[in-house]
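Listed here are the chains, written in short residue letters.
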Amino acid sequence: MSGRRPDPGGRADPGPPGGQRSGGGLAARQAELVAALVAGGPVPPGFAPAPLAAARAALLRKRAGDVARQWPLLAAGLGADWPGIFAGWAARRPTAGSLRDGWDLARELRERGALPPLGAEELAVREATERYDGRRAPRRRRWPAWGRAGGAVAVQFAGRVRLLRPARR
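Bear in mind that the values here come from a model prediction, so they are computed numbers and not experimental data. (Residues numbered from 1 in each chain as written. Predicted model: local features only at pLDDT ≥ 70, side-chain atom pairs only at ≥ 80, totals over all residues. Heavy atoms only, no water.)

### What about the packing of helix α5 (residues 98-112) against helix α6 (residues 117-129)?
Between α5 and α6, whose axes approach to 11 Å, the crossing angle comes to 120 degrees. Regarding the angle of α5 to α6, the classification is oblique. α6 is crossed by α5, and the crossing has left-handed handedness. Contacts from L99, W103, A106, R107 and R110 of α5 reach α6 at L123, R126 and E127. (Axes fitted to C-alpha atoms, helices over the stretch in contact; angles between N-to-C directions. Helix = DSSP H or I, 4+ residues; strand = E, 2+ residues; numbered from the N terminus. Parallel < 35°, antiparallel > 145°, perpendicular 65-115°, else oblique. Left-handed = near helix turned anticlockwise from the far one by under 90°. Contact = heavy atoms within 4.5 Å.)

### A few points about the environment of G150
Tracing the backbone shows G150 in the loop between β3 (145-149) and β4 (152-157). According to the relative accessible area criterion, G150 is partly exposed, its value standing at 37%. The spatial distance from the C-alpha of G150 to the C-alpha of A120 is 5.2 Å, given a sequence separation of 30 residues. Excluding its chain neighbours within four sequence positions, the residues that come into contact with G150 are A120, A167 and R168. (Buried < 20%, exposed > 50% of the residue type's maximum accessible area, 1.4 Å probe, protein only.)

### Comments concerning α6
For α6, spanning 13 residues, the distance from its first C-alpha to its last is 19 Å, which sits close to the expected 18 Å at 1.5 Å a residue. α6 sits mainly inside the fold: 10 of its 13 residues count as buried. Taken together, the buried positions of α6 are G119, A120, E121, E122, L123, A124, R126, E127, A128 and T129. (Expected span 1.5 Å × (residues − 1).)

Right, here's the structure in full:
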């Protein structure tokens, strides 16, 4: 097939103006644009850097809001620093979904010793109720389990979760 669609009159679709066919070129340019917007890729040729930076910042703010809805205690624990910390962490990472983004950020903050107490408690509860390996989507735990982060300890038994020890404040 030539990739041209016949029109109702039986003529071939002339394609884009100027006779240029996009084919794989359009897909490659779209991939470059998406990488520049959500994964910290370079500005693709033909795009103005300032509007692209503004769009990137807006997408990071939206993404931070989505993650804050999934991880409210983590966001509250970081307070006014939340948008900046999240944007710095997410700027070069494509999203894996707001639940997983928050989980990955919380784990990284825990490793650096920068996880706030509220975030530690929320992470401990999540790790007690769900299994997440960092690659696949989280799955509910069926058996008794516990989670620990920043001094907080949570246990899940018979479908109930209890915070046994709060995080150090």
